[in-house]
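Each chain, letter by letter, is given below.
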Amino acid sequence: MRRFAPLAFLIVFAALISFGADEQLIQGFTRDSSAAERQREATFRSLISADNQREYMQRLSARPHHVGSEYDHANAEWILSKFKEWGWDAHIETFNVLFPTPKERVLEMIEPTKFVAKLQEPVVPDDPTSNQQSDQLPSYNAYSSDGDVTAPLVFVNYGLPKDYEELDRLGISVKGAIVIVKYGHSWRGIKPKVAGEHGAVGCLIYSEPGDDGYSLDYVFPKGPMRPIDGVQRGSVMDFPSTSPGDPLTPGIGATADAKRLALKDVTNLTKIPTLPISYGDAEPLLAALTGPMAPQGWRGNLPIPYHVGPGSAKVHLKVAFNWDIKPLYDVVARISGSEHSDEWVIRGNHHDAWVNGAEDPVSGQVALLEEARSMGELVKQGWRPKRTIIYCAWDGEEPALLGSTEWVEAHDSELKEHAVAYINSDGNGRGFLGMAGSHTLEHFMNGVARDIQDPETKLTVLNRLQLDTISEAKNDDDRKEARDRGDLRMEPLGSGSDYTAFIDHLGVASIDLGYGGEDDNGIYHSIYDDFYWYTHFSDTNFVYGRALSQTAGTGVMQLADADLLPFEFTDLADTIYMYVKELKKLADDARDEAVERNKEIDEGLFAAVNDPRRPKIAPLREVVPPHLSFAPLDNAADALTLSAQHYQAALNKNGIAGISPTVLQSLNHRLIQSERQLTNPDGLLRRPWYKHMIYAPGVYAGYEAKTIPGVREAIEQKHWDEANSEIVRAAAVLQNESSLIDAASAELEQAAH
Ligand SMILES: [Zn+2]
């Protein structure tokens, strides 16, 4: 079990009794340094105040603070003044980026009946900031192209590639049509991308009440869910298949004198005009659709029959934007390391919002600030971290991860050399610890989570997460794994927050943290994500804000003070085995499905089951995929496992107490490069900005990670030759990782002699 001695016990007795079992040692510390570290971390956690977080939130979310707004700049200056007040060496780093805002938005139905969409979120009398209309960005999708189209309407479910296959079978084409699509099940930018690829000329994305409206709970202000006129703003830039950041300066920092592309040469805007709408505005449009009934799983909870269309419904959509360059204000603060100032532990959360943004991002930002205040307090009491700690409050995350990406691109070579790890958050809520990230840090994060107390159950947050994982498990194997595997698994990182440039572009080991799972929320990216909503419906007393500070701050301190950096490779190797197994199954399933489909066509199955009154078109014959050559990946996974076990054995056998500082430093320099080894300088095919060969956001998923993406997406997209060559490229980075680990093991063993 994962129980750990209660904290108070440790603080009192750590110095008095010597622990026989090594489980009391923090990974990467000696017996002495571990005891001191535990004491310091306990002090840090006791300094974190929930009330302070409430105060910071009230200040930061008091007015709308999107990129380019007055209050965005004022918040950055305020955050800067706080870091300075708390003793940090802080400054603002400015970039200049393309940030479109709406100039014109028109959505109307002209046939069979006339309807003009409101496109406006009304003031809610109980909610004191919902009336700040002069400062609010209207509801829109950033980086939609300009456009003015009139066309029939077609409902396309969530707008995923498989939804269009279903439409094909219904005999419905979206060519020349405007599609109406539900939010969810993919990152929103994928929806206009796929619609455009299928020939649509416009895209409306609506919030379905079955997903975040009245079907889940009362709507705001009586409850937390999306009211009838609530709209989800958000970016639709096609960054998963190009790159995030400023579209005018791909791959380089958007500094004042950077060389910029002309707007006409930008490649990552949507191909078709796109607009987000409320379910109030969507209902008359959907109700006007005729044609076949939508498949069962597509139907939502509006009180209408859901037809696919097109029928006689004809819609006029016009959007035009101000294509302005706006300043970004990244606040960057540091505490210089006492021994290894050239090794950087980085922590970040964005400060910009779509509107007031109490939940997204301020609930995460206030946790970060409280960590900074408490670490400043420790410094005043005499602590100096061994490594340099850098805290970042990013601007411009919402439009396209702008602030973090530009900073990473501007400091590319320094970061490749110096960055130990990056810890991200992006909002917070009540419930279970969410931890995702690099599997070289999975063991480390499990250790951190074992030291944090859950505010509701008083269990450790790790134990609570473990029990939740068991309760959510789908089968015996998953339950057994959650009980018996040494560490709880971390999900891989896809995209959708500021870790993207760190891990995907540079190969800096990254972790994303946040609590959640207990509260539903229907205010995401609307004017109602504000202090009133957060303090009525989310972590109302900020105890999970305190837990987030304690979790992330403990992680930062451990990374900054460890004698030997706590990278661990057996979890990585185990995870790679799992991914390779998944890839083989994916390829086998594709083959089985093609064989089965062709057999059904030969049997005349589709004609036999067809209902002539609701006709469906039979699918086409498929080419049966060839067998792939997985041997290079199998061999690389085996090699990685041996190397990882060898390193662990060398560590377990000799410990680190007797190793000289020079050797430790050399080992640490190797370990810092361990995530970099998983990148390839040429990057992924067709999207070279993405260098990591193990994790990437899916080209047709966006938020969701595709692991071993070169191979996985080649299989999913049926590029069979490419799958074979990508197997070789993925295997190569794993072999490089093994070599690095072997060199570290050799150094450890030599130091022991
Ligand atoms: Zn956010």
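This report concerns the structure included in the present document. As the structure is a prediction and not an experimental result, all values here were calculated from the model.

A count of helices and strands for the chain gives 24 helices and 16 strands. For the chain, the C-alpha radius of gyration of 26 Å lies close to 27 Å, the compact-globule estimate for 753 residues. Considering only contacts in the chain between residues 6 or more positions apart, those separated by 24 or more positions represent 80%. If you sum the accessible surface of the chain, you get close to 28,100 Å²; carbon and sulfur atoms cover 52% of it.

What follows is about the pairing of strand 4 (residues 147-155). Bridge count between strand 4 and strand 9 (residues 314-335): six bridges; the pairing is antiparallel. Bridge pairing in strand 9 links Pro152 to Lys314. As paired elements, strand 4 and strand 5 (residues 178-182) share three bridges and run parallel to each other. In the sheet register, Leu153 faces strand 5, and the bridge partner there is Ile178.

In this section: the coordination of the zinc ion. Reference values for angles at a metal are 109.5 degrees in the four-donor tetrahedral case and 90 or 180 degrees in the six-donor octahedral case. Coordination sphere of the zinc ion, protein contribution only: His350 (NE2), Asp360 (OD), Asp426 (OD) and Asp426 (OD), at 1.9 to 2.8 Å. In this structure, the zinc ion is surrounded by four donor atoms whose angles at the metal cover 52 to 144°, and the resulting shape is irregular. Going along the chain, you hit the donors of the zinc ion in the pattern H-x9-D-x65-D. Taken together, the positions of His350 in strand 10 (residues 340-350) and Asp360 in helix 9 (residues 358-380) put the pair 10 residues apart, joining distant regions of the chain.

Here Asn75 is to be found in helix 4 (residues 70-85). At 3.5 Å, the side chain of Asn75 and the side chain of His65 are in polar contact. Once residues lying within four places of it in the same chain are set aside, the contact partners of Asn75 are Arg59, Leu60 and His65.

A few words on the pattern of salt bridges. Throughout the structure, instances matching the rule amount to 46 salt bridges. For Asp563, the salt bridge is made with Lys386, and the minimal N-O distance between the two is 2.6 Å. One end of the pair, Asp563, is in the loop between helix 18 (543-561) and helix 19 (570-603); the other, Lys386, is in the loop between helix 9 and strand 11 (387-394), with 177 residues separating them in the sequence. Look at Lys386 and you get buried, because its relative accessible area is 15%. A salt bridge links Glu456 to Arg430; its shortest N-O distance comes to 2.7 Å. One end of the pair, Glu456, is in the loop between helix 13 (442-449) and helix 14 (461-472); the other, Arg430, is in the loop between strand 12 (419-425) and strand 13 (431-437), and 26 residues separate them in sequence. Among the residues examined, Arg430 registers a relative accessible area of 24% and is labelled partly exposed. Residues participating in the shared-partner salt-bridge network are Arg430, Asp454, Glu456, Arg464, Glu518 and Asp519.

The next subject is helix 22 (residues 661-672). Between its first and last C-alpha atoms helix 22 spans 16 Å; for 12 residues at 1.5 Å apiece the expected length is 16 Å, and the two agree. What helix 22 keeps buried is the set Leu664, Leu667, Asn668, Leu671 and Ile672. Taken end-on, helix 22 shows its buried residues confined to a sector of 135°, consistent with a single buried face. In this fold, the buried residues of helix 22 make contact with strand 10, strand 11, helix 12 (412-418), strand 12, helix 21 (631-654) and helix 24 (720-752).

The next thing to look at is the packing of aromatic side chains. How two aromatic rings sit relative to each other is given by the distance of their centres and the angle of their planes. Taken as a whole and judged by the stated rule, the model has 28 aromatic pairs. Ring geometry for Phe83 and Trp86: centres 6.4 Å apart, planes at 75°, overall edge-to-face. Neither Phe83 nor Trp86 differs from the other in exposure class; each is buried. Joined through ring pairs, the aromatic side chains of Phe220, Tyr528, Tyr532, Trp533, Tyr534, Phe537 and Phe542 make up one cluster. Above the ring of Tyr700, the side-chain terminus of Lys193 is found at 5.3 Å from the ring centroid.

At a minimum axis separation of 9 Å, helix 3 (residues 50-60) and helix 9 run at an interaxial angle of 130°. For the element pair helix 3 / helix 9, the angle class is oblique. You can see that helix 3 and helix 9 cross each other, and the crossing is right-handed. Each of Asn52, Gln53, Tyr56, Met57 and Leu60 in helix 3 lies in contact with helix 9, whose residues at this interface are Ala358, Val362, Ser363, Gln365, Val366, Ala367, Leu369, Glu370 and Arg373.

Reading the values: the criteria
As a convention, each chain's residues are numbered from 1 in the sequence order in which they are written. Only residues with pLDDT of at least 70 get local features here, since the model is predicted, and only at 80 or more are side-chain atom pairs given and counted; chain-wide, interface and lining totals rely on the full set of residues. As a convention, hydrogens and water are excluded, and side-chain values are obtained from all of the structure's heavy atoms. Helix numbers and strand numbers start at the N terminus; a helix is a DSSP run of H or I with at least 4 residues, a strand a run of E with at least 2. The reference for a compact globule is 2.2 Å times residues^0.38; the radius of gyration itself is calculated from the C-alpha atoms. Here a residue-residue contact requires only that any non-hydrogen atoms of the pair lie within 4.5 Å. In this description, accessible areas are obtained by the Shrake-Rupley approach with a 1.4 Å probe, and a residue is regarded as covered only by the protein chains that are shown. Two strands qualify as a pair provided DSSP detects at least 2 bridges between them. Because no water is among the atoms considered, metal sites can look incomplete, with donors defined as N, O and S atoms within 2.8 Å of the metal, or 3.2 Å for Na, K and Ca. Four donors are marked tetrahedral only if all angles between them lie between 85 and 135 degrees, whereas four are marked square planar and six octahedral if opposite donors are more than 155 degrees apart and the other angles lie between 65 and 115; the remainder are marked irregular. Definition of a polar contact: a pair of N or O atoms within 3.5 Å, with one able to donate and the other able to accept a hydrogen when the atoms are protein atoms, and with sequence-neighbouring residues admitted only if both atoms are side-chain atoms. Put simply, a salt bridge is a Lys or Arg side-chain nitrogen that is within 4 Å of an Asp or Glu carboxyl oxygen. Each residue is placed in one exposure class: buried if its accessible area under a 1.4 Å probe, protein chains only, is under 20% of its type's maximum, exposed if it is over 50%, and partly exposed if it falls in between. To estimate the expected span of a helix, count its residues, drop one, and scale the result by 1.5 Å. Directions pointing from the helix axis toward each C-beta atom define the arc. Ring pairs are drawn from Phe, Tyr and Trp, using the six-membered ring of Trp, whenever the two centres fall within 6.5 Å, and their geometry is named by plane angle: stacked under 30 degrees, edge-to-face over 60, tilted for the rest. A positively charged side chain is recorded as over a ring if its NZ (Lys) or CZ (Arg) lies within 6 Å of the ring centre. The angle to the ring normal must also be within 35 degrees. Helix axes use the C-alpha atoms of the stretch in contact, all axes being lines fitted to C-alpha atoms, and the angles between their N-to-C directions lie in the range 0 to 180 degrees. Reported orientations rely on four angle classes, namely roughly parallel under 35 degrees, roughly antiparallel over 145, roughly perpendicular from 65 to 115, and oblique for the rest. The sense of a crossing depends on the near helix, which, turned anticlockwise from the far helix by less than a right angle, makes the crossing left-handed and, turned clockwise, makes it right-handed.

Worth remembering: the numbers are spatial, not functional.
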